[in-house]
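Each chain is listed here by its residues.
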Amino acid sequence: MKIKRIDHIGIAVKKIAEAGKFYTDVLGLKIEEIENVVDQKVNVAFIPISQSEVELVESTHPDGPVAKYIDARGERVQHIAFRVKNIEEALAELKAKGVR
């Protein structure tokens with residue numbers, strides 16, 4: 001598997017409006033877009049940094065996966081996504097190594 005770079009870091013937050021202030025007011029970054037992902041029950045704020053992004057992920061439902069994640073673990077990094085040369089090959093390799 002050829003990992004090219006970190007694509008994005010997803011951070012689970014209770015409220016994008018509140019958590020986003022750190023990135024905009026303190027770090028001077030800009031939230032470029034907020035997208036509603038209905039099937040995942042989340043809103044996602046995209047904050048580009050060079051060739052990567054920070055994504056603030058907010059649950060839109062109290063029973064959604066991100067809400068449950070925050071209840072169990074608190075607001076924190078939820079996932080790191082790597083950009084790879086070939087996603088199908090990377091998935092097959094990871095599956096062969098026992099990665100979920």
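Structure: above.
Residues numbered from 1 in each chain as written. Predicted model: local features only at pLDDT ≥ 70, side-chain atom pairs only at ≥ 80, totals over all residues. Heavy atoms only, no water.

A. Representation of helix α3 (residues 87-96). Buried residues are scarce in α3, accounting for one of its ten residues. You can read the cap of α3 off the contacts: a side-chain oxygen lies 3.0 Å from the backbone nitrogen of Glu 88, and it is on Asn 86. Just past α3, the residue Gly 98 takes up positive phi, approximately 85 degrees. (Buried < 20%, exposed > 50% of the residue type's maximum accessible area, 1.4 Å probe, protein only. Helix = DSSP H or I, 4+ residues; strand = E, 2+ residues; numbered from the N terminus. Polar contact = N/O pair within 3.5 Å; in protein donor to acceptor, adjacent residues only side chain to side chain.)

B. A look at the sheet that holds strand β3 (residues 42-49). Spatially, five strands are ordered β2-β3-β4-β1-β5 in an open sheet, and the strand pairing comes out mixed. One side of each edge strand has no neighbouring strand; the edge strands of this open sheet are β2 (33-37) and β5 (76-84). Taken pair by pair, the neighbouring strands of this sheet meet at an average axis angle of 25 degrees, ignoring direction. As defined by bridge partners, β3 adjoins strand β4 (residues 52-59) across eight bridges and the pair is classed as antiparallel. Pairing of Ile 47 across the sheet is with Val 54, part of β4. Strands β1 (3-13), β2, β3 and β4 of the sheet are contacted by helix α1 (residues 16-26), whose axis makes an angle of about 155 degrees with β4. Running at roughly 125 degrees to β5, helix α2 (residues 65-73) makes contact with β1, β3, β4 and β5 of the sheet. (Pairing = 2+ DSSP bridges. Axes fitted to C-alpha atoms, helices over the stretch in contact; angles between N-to-C directions. Contact = heavy atoms within 4.5 Å.)

C. A look at the environment of Ala 12. Topologically, Ala 12 is positioned in strand β1. A relative accessible area of 0% means that Ala 12 is categorised as buried.

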